[in-house]
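# Structural characterization, general
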Amino acid sequence: MTDGRDLADGPTEKCGVVGVSLDGRAAARPLYYALYALQHRGQESAGIVTHDGFQQHSHVEMGLVGDAFDEGDLDQLNGPTGIGHVRYPTAGSVDNSCAQPFSVSFKSGSLGMSHNGNLVNADEIRDELAGLGHAFTSDGDTEVIAHDLARNLLEEDLVRAVKHTMKRIHGSYSLTIMHDDTVLGVRDPEGNRPLCIGKLDDGYILASESAAIDVLDGELVRDVRPGELVILQPDGGGFDAYQLFERENTAHCFFEHVYFARPDSEIDGNLVYEVRRELGRRIWEESGVESDVVMPVPDSGRAFASGYAEAAQEEGADVEFAEGLMKNRYVGRTFIMPTQDARERAVRLKLNPIRDVVEGRSVTVIDDSIVRGTTSNQLVQLLRDVGAEEVHVRIGAPAIVAPCYMGIDMATREELIAADRSTEDIREEIGADSLAYLSIDAVAGALGQSRADLCLGCVTGEYPYDIDGEATDRDVERPVIGGEPEDERTAPADD
Ligand code: AMP
């Protein structure tokens, strides 16, 4: 455990990544549609890099996917292989030097790289490589990984080069990489951020979430395993997989399931929607409260509230499930607005209660999480303003007490309402009649995983990666395991 520096203030990557390899057809449009499906993972910038067998083509712009590309942009992105990226915004840092995919040509060939996650020792490696003459154009982690890999590729084949880079970098990463016209996917040895493999009619895709495979009418093959390298064959005919590292425990991010991922995605064997409904059922088991109506905070609270209401009704509770809050979908992300004033105004613009559902009734309102407390605070007041008799707040995650250093923009420690307050203090502050969070055990139970296999840093303050960049027990490298037949290979010996 470490308290560490407040890395949340520095550049972190909270993103969506994709890569495709097709049998002759241009990769640009499938990549574009896949990025659309991953838009919720990043709204600051969008980019695609393709390779036509001779050279790389790149288009990266600030803004949403639909605005970042026009037909002409897609037409010039030639070639049947490519990668893409959407980047998540952070308050105050709108900076295109960190927009991705990062692409560059080295002596060892061209490289493109899309990264979701956050390294904890990027500065050290950057300093070392800068000392060796590498020139950096951004302060992001991704460029550090690209330079390190390019350097290894001068002396080693692709698999060994990736393995050596993975050995040096610490932290969370799901990467899609283009080396010349070959697309690869890499997931960090703890599997912190998601990455999966899909089969298309005429090729293969790697993507942060399976929803990106669905939009291309593909089929989910499986998740990329923690510590695994997957290389898509350039003709779209298949993939080779190499289990390069294996750790005793994984560190899957539970918050992907609670908030970040799309409910229609399947991650590490769990459909996110089902997990959220199960979490809702467990809220009822742990802290169900009698009320006339239960309602979600749209959109993320929906599956939780339906699971909660179902479990309540099964036990005979006389509670109605209703959509008592309407969301204006044209208001942007309130979360990342720079001032508290702007965030409060935006919550009001975004959510409006339906008086008839609420007036004169006791209400249980369910959201996935409380971060700064802005939403709950405003909501409780709004519901009282339209005549709610009682307002009970139930949350589908444990209290968030510490920042995320692994790739989700949470807020700084000082901003987190639960960092130094008890649940009772928070209840009082948001003005609710009652407030309950879900327990960590309930989260682990709903995911079907042990606590030891989850990253729970934001709810415990204990991180599976040492955020000061020092090795942890988990960094002990274990022998490479054997692969499965046909498309799986064991890694080369470390030399
Ligand atoms: P807050 O209003 O600061 O307490 O934030 C909680 C609200 O923001 C909840 O409604 C969540 O659905 C949403 N939320 C939670 N985590 C994030 C995040 N990392 N980025 C954007 N929104 C979030």
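Definitions and limits used
- Residues numbered from 1 in each chain as written.
- Predicted model: local features only at pLDDT ≥ 70, side-chain atom pairs only at ≥ 80, totals over all residues.
- Heavy atoms only, no water.
- Near = heavy atom within 4 Å.
- Polar contact = N/O pair within 3.5 Å; in protein donor to acceptor, adjacent residues only side chain to side chain.
- Areas by Shrake-Rupley, 256 points an atom, 1.4 Å probe, with all protein chains shown as cover.
- Nonpolar A, V, L, I, M, F, W, Y, C, P; charged D, E, K, R; others polar.
- Helix = DSSP H or I, 4+ residues; strand = E, 2+ residues; numbered from the N terminus.
- Expected span 1.5 Å × (residues − 1).
- Buried < 20%, exposed > 50% of the residue type's maximum accessible area, 1.4 Å probe, protein only.
- Contact = heavy atoms within 4.5 Å.
- UniProt positions renumbered as here; feature names shortened; annotations may be inferred.
- Core = buried A, V, L, I, M, F, W, Y, C linked by side-chain atoms within 4.5 Å.
- Pairing = 2+ DSSP bridges.
- Axes fitted to C-alpha atoms, helices over the stretch in contact; angles between N-to-C directions.

## Regarding the site of the ligand
- Close to the ligand lie 17 residues, the nearest being Tyr 88, Asp 367, Asp 368, Gly 373 and Thr 375.
- Note that a nitrogen atom of the ligand is positioned 2.5 Å from one of the side-chain N or O atoms of Tyr 88.
- Here an oxygen atom of the ligand and a backbone polar atom of Thr 374 are 3.5 Å apart.
- Surface burial for the ligand is 93%, taken as the share of its 500 Å² of free accessible area covered by protein chains.
- For the shell around the ligand, the residue count by class is seven nonpolar, five polar and five charged.

## Points about helix α10 (residues 302–314)
- With 13 residues, α10 ought to run about 18 Å at 1.5 Å a step, and its terminal C-alpha atoms sit 18 Å apart, in line with that.
- Every buried residue of α10 is accounted for by Ala 303, Phe 304, Ala 305, Ser 306, Gly 307, Tyr 308, Ala 309, Ala 311 and Ala 312.
- Structurally, α10 contributes buried residues whose contacts are with α8 (254–260), α9 (272–287), β17 (293–296), β18 (320–321), β21 (362–367) and β22 (390–395).
- Following α10 by one or two positions, Gly 316 has its phi on the positive side, about 85°.

## Quick look at the UniProt feature "active site" (unreviewed entry) in the chain
- Residues given the UniProt feature "active site" (unreviewed entry) here are Cys 15.
- Residue position: Cys 15 is located in strand β1 (residues 15–22).
- On the accessibility criterion, Cys 15 (0% relative accessible area) is buried.
- Leaving out residues up to four positions away in the same chain, Cys 15 has contacts with Arg 41, His 85, Val 86, Arg 87, Tyr 88, His 115, Asn 116 and Ser 208.

## Points about the UniProt feature "binding site: Mg(2+)" (unreviewed entry) in the chain
- Residues given the UniProt feature "binding site: Mg(2+)" (unreviewed entry) here are Ser 300, Asp 367 and Asp 368. Despite a sequence span of 69 residues, these residues sit close together in the fold, their greatest C-alpha distance being 6.8 Å.
- Its place among the elements puts Ser 300 in the loop between β17 and α10.
- Those residues in contact with Ser 300 that lie beyond four places of it in its chain are Tyr 259, Asp 367 and Asp 368.
- Examined against the element boundaries, Asp 367 turns out to sit in strand β21.
- With a relative accessible area of 10%, Asp 367 lands in the buried category.

## Looking at the nonpolar core
- Ranked by internal contacts, the top residues of the largest apolar core, which has 47 residues, are Phe 254, Phe 255, Leu 279 and Ile 400.
- Phe 254 has contacts with Ala 397, Pro 398, Val 443, Leu 447, Cys 455, Leu 456, Cys 458 and Val 459, leaving out every residue within four places of it along the chain.
- If you look at the next biggest cluster of nonpolar residues, it comprises 30 residues, including Phe 102, Ala 146, Leu 175 and Leu 184.

## Overview of the sheet that holds β21
- If you walk across this open sheet you meet the five strands as β18-β17-β21-β22-β23, and the pairing is parallel. Because the sheet does not close on itself, it has two edges, and the strands there are β18 and β23 (434–436).
- Bridging between β17 and β21 involves four bridges; their strand directions are parallel. When the sheet's bridge partners are listed, Val 294 is paired in β21 with Thr 364.
- In the packing of helix α14 (residues 423–430) onto the sheet, the strands contacted are β22 and β23, and the crossing angle to β23 comes to about 130°.

## Regarding the pairing of β21
- Most of β21 sits out of view: six of its six residues are buried.
- Bridge count between β21 and β22: six bridges; the pairing is parallel. Its bridge partner being in β22, Thr 364 is matched across the sheet by His 392.

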